[in-house]
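A look at the structure
Spelled out, the chains give:
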Amino acid sequence: MNHKVLVYKGDAIAAYGFGDPHPFGTDRHDVFHAELDSAGLGDGVEYGHPGVARVDELALFHTADYIDKVSRMSALGKGWLDDGDTPAMPGIYDAAAAVAGTVLRAVDEIMHGNHKRAFVPIAGLHHAGREHAAGFCVFNDCGIAIEYLRQQYGVQRVAYVDIDAHHGDGVFYSFEDDPDLLLVDIHEDGRFLYPGTGAETETGSGGARGTKLNIALAPGADDADFTVVWRRVEQYLESMRPEFIILQCGADSLEGDPITHLALSEEAHASAAASLCRIAEAHADGRIIGTGGGGYNRRNLARAWTRVVQSFVETH
Ligand SMILES: [Zn+2]
């Protein structure tokens, strides 16, 4: 096995974004890669080229009607995919399919034993539901990857860990009644931030009750608060013994993000990533994928994602 961390880079995923003045601009990819280059991780990192998800791969998670709708709206190139957050940019179908496809190719590389750890910067589009876009998210690459791990590789117990400031409602509600999808979501309390969900009482439904851990932080919560709640996350994951970990490490939970109110630093992201690598080593043959998620302050996203990759490189 190659122990280098596989980091994805390329125009196909950089193209996912919504142009000025939308906060999710297409500059985010290059801002991150410039910071990663300057971090001097050298031989610890290998670069991978983006893939493209086929329709049948998107359909592992999304409905055929929704995939059709995105295709039609993308060709039209105007209007909205939701109620006013996610514009139907020309070509958005191709960019979203590239983001999802890149995460699936990262899954392949890990499951084939070529790498243990991978990072996809523009992925982690956690608000998209099975039949709708939401909150800047068109295709839910994490949801697709969870279904793909099960269908393609028979990996059933996947842990989805989300430290983006926003609740990952598209993943949570799609697997709410699924006891094998282990979910941790640390986010700003929904009473103060979109999408308003993710109360701590939401632990899964039916037979899946108790398999999800939602942790709501008050506005202004900092690294000390994060450290306290992370102990619960470690206990939960150690007891649940996941076979594969997907981290959504949105950088909008850092202080200074223009659309949220948390006050973490990149240290939270670095320590969460290191902790998850250790849990993956103990239970999941080391298998972990990081996805960038949100983050609208460019300096924050560059630093937070770079520190996640650094933890992936340096944690043994
Ligand atoms: Zn977010």
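Preceding this section is the structure that the text describes.
Residues numbered from 1 in each chain as written. Predicted model: local features only at pLDDT ≥ 70, side-chain atom pairs only at ≥ 80, totals over all residues. Heavy atoms only, no water.

1. Topic: the state of the cysteines
When the sulfur atoms of two cysteines share a covalent bond, that bond is a disulfide. Rule in force here: Counting rule for disulfides: a pair of cysteine sulfur atoms within 2.5 Å. Here's how the labels work: a residue is buried when its accessible area is under 20% of the maximum for its type, exposed when over 50%, partly exposed in between, all with a 1.4 Å probe on protein chains only.
Applying the stated rule across the entire model yields zero disulfides. Among the cysteines around Cys 137, which has no disulfide bond, Cys 142 carries the closest sulfur, lying 9.2 Å off. Here Cys 249 stays unpaired: no disulfide links it, and the sulfur of Cys 142, its closest cysteine neighbor, is 9.8 Å away. You can call Cys 249 buried: its relative accessible area is 0%.

2. Details of the coordination of the zinc ion
Around a metal, the ideal angle is 109.5 degrees if four donors adopt a tetrahedral arrangement and 90 or 180 degrees if six donors adopt an octahedral arrangement. Put simply, the rule reads: The donor set covers N, O and S atoms within 2.8 Å of the metal, switching to 3.2 Å for Na, K and Ca, and it leaves out water, so a site may look short of donors. A run of H or I in DSSP counts as a helix once it spans at least four residues, and a run of E counts as a strand once it spans at least two, with each numbered from the N terminus.
The coordination sphere of the zinc ion contains the protein donors Asp 164 (OD), His 166 (ND1) and Asp 252 (OD), at a distance range of 1.9 to 2.1 Å. As a motif over one chain, the donors of the zinc ion read D-x1-H-x85-D. One end of the pair, His 166, is in the loop between strand S4 (158–162) and helix H7 (169–174); the other, Asp 252, is in the loop between strand S7 (244–248) and helix H9 (266–283), with 86 residues separating them in the sequence.

3. Describing the sheet that holds S4
Basically, it comes down to this: Only when DSSP finds a minimum of two bridges between them are two strands counted as paired. Fitted lines through C-alpha atoms serve as axes, helices being fitted only where they are in contact, and the angles separating the N-to-C directions of these axes extend from 0 to 180 degrees. The contact criterion used throughout is that any non-hydrogen atoms of two residues lie within 4.5 Å.
Spatially, S2-S1-S3-S8-S7-S4-S5-S6 is the arrangement adopted by the eight strands of the open sheet, whose pairing is parallel. The sheet is open, and its two borders are formed by strand S2 (45–48) and strand S6 (212–217), each paired with just one other strand. Taken over all neighbouring pairs, the strand axes of this sheet differ in orientation by 15° on average, direction set aside. Sheet analysis places strand S5 (residues 181–188) next to S6, joined by six bridges and oriented parallel. Considered in S6, the bridge of Leu 183 is made with Lys 212. Strands in contact with helix H2 (residues 28–38) are strand S1 (5–8), S2 and strand S3 (117–120); relative to S1, the strand with the most contacts, it is inclined by about 145°.

4. Regarding the nonpolar core
Just so we agree on the cut-off: By nonpolar core we mean a set of buried residues, namely Ala, Val, Leu, Ile, Met, Phe, Trp, Tyr and Cys, connected to one another through side-chain atoms within 4.5 Å.
Residues Tyr 16, Phe 139 and Ile 186 are the most contacted members of the largest nonpolar core, which totals 106 residues. Here this core takes 14 residues from helix H5 (residues 92–111), the largest share from any one element. When sequence neighbours within four positions are dropped, the list of residues in contact with Phe 139 reads Leu 58, His 62, Tyr 66, Ile 67, Val 70, Tyr 93, Ala 96, Ala 97, Leu 125, Ala 128 and Ile 144.

5. Structural notes on the pattern of salt bridges
Here is the rule we go by: Basic side-chain nitrogens of Lys or Arg form a salt bridge, by our definition, when they fall within 4 Å of a carboxyl oxygen of Asp or Glu.
Applying the stated criterion across every chain, the model contains 15 salt bridges. Taking the shortest distance from any N to any O, the salt bridge between Glu 57 and Arg 105 comes out at 3.1 Å. Separated by 48 residues along the polypeptide, Glu 57 in helix H3 (residues 55–58) and Arg 105 in helix H5 bring together distant segments of the chain. Glu 57 gets classed as buried once you look at its relative accessible area, which sits at 3%. Across the pair Glu 147 and Arg 130 runs a salt bridge, and its minimum N-O distance is 2.8 Å. On the criterion of sequence distance, the pair formed by Glu 147 in helix H6 (residues 141–153) and Arg 130 in the loop between S3 and H6 is long-range, its members being 17 residues apart. Under the relative-accessibility criterion, Glu 147 is labelled buried at 13%.

6. A short note on the packing of H5 against H6
Describing two packed helices takes the angle between their axes plus the distance from one axis to the other. Applicable threshold: The cut-offs work like this: below 35 degrees is roughly parallel, past 145 is roughly antiparallel, 65 to 115 is roughly perpendicular, and the gaps in between are oblique. Note: crossing handedness is left-handed where the near helix turns anticlockwise from the far helix by less than a right angle, and right-handed where it turns clockwise.
Interhelical geometry of H5 versus H6 gives an angle of 40° and a closest axis separation of 9 Å. If you check the angle between H5 and H6, you find them oblique. Relative to H6, H5 is oriented so that their crossing is right-handed. Facing Val 99, Ala 100, Val 103, Leu 104, Arg 105, Val 107, Asp 108 and Met 111 of H5, the residues of H6 in contact are Asp 141, Ile 144, Ala 145, Tyr 148, Leu 149 and Tyr 153.

7. Thoughts on H5
The condition is simple: Here a helix's expected span is defined as the number of its residues, less one, multiplied by 1.5 Å.
In a regular helix each residue adds 1.5 Å, so 20 residues correspond to 28 Å; H5 covers 29 Å between its end C-alpha atoms and thus fits that length. Most of H5 is tucked away: 17 of the 20 residues are buried. Taken from the residues just after H5, Gly 113 is the one with a positive phi, measuring 80°.

8. What to know about the pairing of strand S8 (residues 288–291)
Side chains Ile 288 and Gly 290 project from S8 onto one buried face, and the interleaved Ile 289 and Thr 291 project onto a second face that is buried too. Two strands pair when backbone bridges link them, and S3 and S8 are joined in this way by four bridges, in the parallel orientation. Bridge pairing in S8 links Arg 117 to Ile 288. Bridge count for S7 against S8 is four bridges, and the pairing is parallel. From the neighbouring strand, Leu 247 faces S8, where its bridge partner is Gly 290.

9. Here we look at the side chain of Arg 117
Which entries qualify depends on this criterion: Two N or O atoms form a polar contact when they lie within 3.5 Å of each other; inside protein one atom must be a possible hydrogen donor and the other a possible acceptor, and for residues adjacent in sequence the pair counts only when both atoms belong to side chains.
When you line up the elements, Arg 117 lands in strand S3. A relative accessible area of 6% places Arg 117 in the buried class. Polar contacts involving the side chain of Arg 117 include one to the side chain of Glu 281, which spans 3.1 Å. Only 2.5 Å separates the side chain of Arg 117 from the backbone oxygen of Phe 312, close enough to count as a polar contact. Excluding its chain neighbours within four sequence positions, the residues that come into contact with Arg 117 are Lys 4, Val 5, Leu 6, Ile 110, Cys 277, Glu 281, Gly 286, Ile 288, Ser 311, Phe 312 and Thr 315.

Don't take any of this as a statement about function, it's just geometry.
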